[in-house]
Amino acid sequence: MSVSTTQPAGHARALKAGLAAVVGTTIEWYDFYVYATAAAIVFPQVFFPEVDNTLGTLASFGTYAVAYFMRPLGGIIFGHIGDKLGRKRALTLTLFVMGVATVLVGCLPGYASIGIVAPVLLITLRIAQGLAVGGEWGGASLMSVESAPPRFKTFYGGFTQLGNPLGALLASGAFWILASMGDDVLLTWGWRIPFLFSIVLIGVGIWVRYRVEETPVFEQKIEGQTQSTPIVFALRNNWLPILLGFCIIAMSSGGYVIATTFVQNFATSPEVGLDAGIILGAMTVASFIEALVTLPLAMLGDKWGGKRIIILGSVLSFLAVIPLVLVIQNHEILLIYVFVSVIRITLSGAWAPLSTVMTQMFRPQARYTSMSLSYGIGAAVWGGLSPAIATALIAATGTFWSAVWFFGGLALIAVVGTWFAPQHSDAAPVTGSFRARTDTTSIQTRRP
């Protein structure tokens, strides 16, 4: 067998890769959260006006969930490209697909114009978004983490995670401004503007990613090596860490969706009656604060360990959601701003180290596919179903507290998955062994 070691990556290369990751993921998450915000506030009236509020909300969240269920397939497709041809090529494609789909959503006629065809086209474009996001996060994580020096991997991995709050900030900020113009503007033509604006962001993102270098790990340990089909290798050798990654995602995906998208819908529902501008304003401020704390929390992961930060963030998020529900129900506006921000900070603890922890759960071969599959399945189940499950629980029990306990269940699952997650060094060989290794004796593509 040949011997291959990865030379330590420098800060200049890591910073360039990190900036490319944050620009790309910001755009991808902006596109995703624009849809999520519209699904919570606008789409029930625009695309599902013929049903009552509860059914309209469920139908709208159903189109939202479609993208989550396409993520695993997107992870397999773009993971194959990234594992075979390079992370850079796959990431450019994901950005292009997401951007085109988002712009087309902004051009769709509503139900009043073309009837049932409108939600059908909406679902089709949502499928394209799901495929793109399924391949985006894993590749962006690898781009930043694999290019980072060994002692700073969680910090540079945080650049990928920073794209989430920045994208959410842009999306919620855009709808906050539109909501201040009144429902007549928001529900007629205003909601289209954030979708159409994506075409500008996509041009910038593709230009940035085209200029970034391929990762050292791909160049030195994967490119030119004889490889099996990535999905086959992943399912044969990485099934257990894929399962553990699925559990870790419970809080950073499912919990995050409940604390953001679902809370917006809950707050503006007829039962609570909070003005949309208030909750959108609180979410915008919280996204800004989350963006500020993401990199410091990632840096803390290099000192304390990324797994420890994820566990702490998951537990604190459950504790924070309880007062958040109370202040929303009581229309305590100042406290709504405070606790929406608090839970976003705690959730950032479960989110900021995730790129690095998930990257290091897998050896370099088929890493893109393995990561994307684990993350995609987790996002499909936890993120895609959580709003619908929470809505159904509230309808069945008559109280929002059932959704809070569901949130607590997600936190527990994330803690267990994180506790047992393995961590591999980029200097380790590609082997069929599940045990984390740090030696560099050989590269093995099959089990001994």
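How each quantity is defined
- Residues numbered from 1 in each chain as written.
- Predicted model: local features only at pLDDT ≥ 70, side-chain atom pairs only at ≥ 80, totals over all residues.
- Heavy atoms only, no water.
- Helix = DSSP H or I, 4+ residues; strand = E, 2+ residues; numbered from the N terminus.
- Phe/Tyr/Trp six-rings, centres within 6.5 Å; stacked < 30°, edge-to-face > 60°.
- Buried < 20%, exposed > 50% of the residue type's maximum accessible area, 1.4 Å probe, protein only.
- Polar contact = N/O pair within 3.5 Å; in protein donor to acceptor, adjacent residues only side chain to side chain.
- pLDDT = per-residue confidence, 0-100.
- Contact = heavy atoms within 4.5 Å.
- Arc of directions from axis to C-beta.
- Patch = residues over 30% accessible without salt bridge, like charges linked within 9 Å, V, L, I, M, F, W, Y side chains within 5 Å.
- Areas by Shrake-Rupley, 256 points an atom, 1.4 Å probe, with all protein chains shown as cover.
- Salt bridge = Lys/Arg side-chain N within 4 Å of Asp/Glu carboxyl O.

K.L.:
What am I meant to see in the environment of Phe 266 here?
P.N.:
As for its position among the elements, Phe 266 is in helix H13 (residues 239–268). The sequence separation of Phe 266 and Thr 391 amounts to 125 residues, and the corresponding C-alpha distance is 8.9 Å.

K.L.:
Sorry if this is basic, but what is going on with the packing of aromatic side chains here?
P.N.:
The relative placement of two aromatic rings is captured by the distance of their centres and the angle of their planes. Scanning all chains against the criterion turns up nine aromatic pairs. Ring geometry for Trp 137 and Trp 351: centres 6.4 Å apart, planes at 40°, overall tilted. Taken together, the residues Trp 137 in helix H6 (residues 117–145) and Trp 351 in helix H16 (residues 333–351) connect sequence positions 214 residues apart. This pair shows no difference in class: Trp 137 is buried, exactly as Trp 351 is. Taken together, the ring pairs connect Trp 137, Trp 351 and Tyr 375 into an aromatic cluster.

K.L.:
Honestly, the side chain of Ser 147 in this entry has me stumped. Any pointers?
P.N.:
Here Ser 147 lies in the loop between H6 and helix H7 (153–179). Relative accessible area serves as the criterion here: at 1%, Ser 147 is assigned to the buried category. A polar contact of 2.8 Å, which involves the side chain of Ser 147, links it to the backbone oxygen of Met 143.

K.L.:
How should I be thinking about the confidence of the model for the chain in this particular structure?
P.N.:
Keep in mind that low pLDDT regions are not for reading the predicted coordinates in detail. Mean pLDDT over the chain stands at 83; residues scoring 70 or higher make up 87%. Ignoring residues within four places in sequence, the model shows residues 437–448, a span with pLDDT below 50, making 38 contacts including any to other chains.

K.L.:
Teacher, can you tell me more about helix H8 (residues 183–190) here?
P.N.:
The periodicity of an α-helix, 3.6 residues per turn, causes residues three or four positions apart to be oriented the same way. Those residues of H8 that sit buried are Val 185, Leu 186 and Gly 190. Taken end-on, H8 shows its buried residues confined to a sector of 95°, consistent with a single buried face. Away from its buried face by more than 90 degrees, H8 exposes Asp 183 and Asp 184. Tucked inside the fold, the buried residues of H8 contact helix H1 (11–41), H7 and helix H9 (192–196).

K.L.:
What exactly am I supposed to notice about a nonpolar patch on the surface here?
P.N.:
A contiguous nonpolar patch, built from Ile 114, Ile 116, Val 117, Val 120 and Leu 121 and spanning about 400 Å² of accessible area, is present on the exposed surface. Take the nonpolar patch: its biggest share by element is three residues, from H6. Tracing the backbone through its elements, the reader meets Leu 121 in helix H6.

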